[in-house]
Amino acid sequence: MGKIGFLVVGHPDYQNDVALNFADVGVEGLRQEGIDVAYIRAALTQPWDADATARQLLRENDLDGAVVFIGTWIEAPVAVAAIRALEHVPLAVWGYPMFEHDGMRDSTGSSVGWAVVKAALDRVDLPYKGILGPVDDADQNPTDTLSNAVSFCRAAATITRLRRSRIGLVGYASMGMYSATFDHLLLRFRIGPEVEHADAYSIIRRAEGFNASDAAPVVARLMEMCRIRSDVRDEHLDKAARVYLALKAWCDERHLDAVAFKCQYEFSQEYGMVGCVPLALLTQDGITTSCEGDVMLALSMLTLHYLSGQQIY
């Protein structure tokens, strides 16, 4: 996983020291939530400096996304210079409202500068996440602001991971499930994952290439963690273990992050072994799995896995 770039834009006539202090608090809040932040601590007040710093962040880091922090009132071209350099990665623009200082209400003009940048980006339909809220004023509930920023960072990282993900598809959509069908090319370019297909026969051939001694450790693993009914015979466990070994070998060889496996009807009726147990074992191994060749389900589960950091069952 890469990083979130974080830079601050301001105006030479405004309180950039205050802006940087607020930016420090925001960056530290993100880091405490586990976000890896690449932060260049400088108030960028000229377009050429903003452009150069944004390009430096890109050059030195594998960025998942970027936050442009509106530190003070700004001249919009300063922020736009940074945004144009970063616009190919997920982007957030963060501003903050008035705040208490020495018992008085004060402002750096951040919220007004943020509104000007927002209007510009909305006009040109540039996708971005707008974040406007207090950074450290407890009376204004900064938790919501930080939560929005953390959500953006995790979503940005998920976009990157999806573009680099590979989903294995065994067979294709079963039983006329229209919702499980997909367009391979559009999935690749609009969402990200590549899909690699294998026919049922290819997996069955792999499974039959393993012998009883190969399957024995898998069977032992099953018997240790599961309650197995008395009418489940040894050959059933052996067959499930071999299908798992075939799928696991395929995932390892082809660097697959998820598998959509079609049981009906080739495995269930013709081969005599459904994929439920093999897929459960793969899930325990950290590979996201879905049933009946449902790539869209596998994609949804993989997205939730990346967003939450938890394995999705």
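Data block above holds the structure.
Residues numbered from 1 in each chain as written. Predicted model: local features only at pLDDT ≥ 70, side-chain atom pairs only at ≥ 80, totals over all residues. Heavy atoms only, no water.

(A) The arrangement of helix H6 (residues 184-191) in detail. Between the side-chain oxygen at the start of H6 and the backbone nitrogen of Leu-185 there is a gap of 3.1 Å, and the oxygen is on Asp-183. In the stretch just after H6, Gly-192 is the one whose phi turns positive, near 140 degrees. (Polar contact = N/O pair within 3.5 Å; in protein donor to acceptor, adjacent residues only side chain to side chain. Helix = DSSP H or I, 4+ residues; strand = E, 2+ residues; numbered from the N terminus.)

(B) Geometry of the sheet that holds strand E1 (residues 3-9). Pairing within the open sheet is parallel, and its 5 strands lie in the order E2-E1-E3-E4-E7. Of all the strands in the sheet, just strand E2 (37-44) and strand E7 (129-132) have a single pairing partner and so form its edges. Ignoring strand direction, the axes of neighbouring strands in this sheet form an average angle of 15 degrees. Across the face of the sheet, helix H1 (residues 16-32) comes into contact with E1, E2, strand E3 (63-70) and strand E4 (91-95) while running at roughly 175 degrees to E2. On top of the sheet, helix H4 (residues 110-123) reaches E3, E4 and E7; it is set at about 150 degrees to E4, its chief contact. (Pairing = 2+ DSSP bridges. Axes fitted to C-alpha atoms, helices over the stretch in contact; angles between N-to-C directions. Contact = heavy atoms within 4.5 Å.)

(C) Just the sheet that holds strand E11 (residues 288-291), in detail. If you trace the 4 strands from one edge of the open sheet to the other, you get E9-E8-E10-E11, paired in parallel fashion. Two strands close off the open sheet at either side, each with one partner strand: strand E9 (194-198) and E11. Sheet twist, expressed as the average angle between the axes of neighbouring strands with direction ignored, equals 20 degrees. Of the strand pairs in this sheet, strand E8 (residues 166-170) and E9 are connected by 5 bridges, and their pairing is parallel. Across the sheet, residue Gly-168 finds its bridge partner in E9, namely Glu-196. The strands touched by helix H9 (residues 234-254) within the sheet are E8, E9 and strand E10 (258-261), with E8 carrying the most contacts at an inclination of about 145 degrees.

(D) Molecular detail of unusual backbone geometry. Put simply, Gln-264 and Tyr-265 share a cis peptide bond, and its omega is 5 degrees. Looking at the secondary structure, you find Tyr-265 in the loop between E10 and helix H10 (266-271). In this structure, Asp-125 takes a positive phi of about 60 degrees despite not being glycine. Looking at the secondary structure, you find Asp-125 in the loop between H4 and E7. Of the residues examined, Asp-125 reaches a relative accessible area of 65% and is grouped as exposed. Positive phi, normally seen in glycine, also occurs at Met-175, with a value near 60 degrees. (Buried < 20%, exposed > 50% of the residue type's maximum accessible area, 1.4 Å probe, protein only.)

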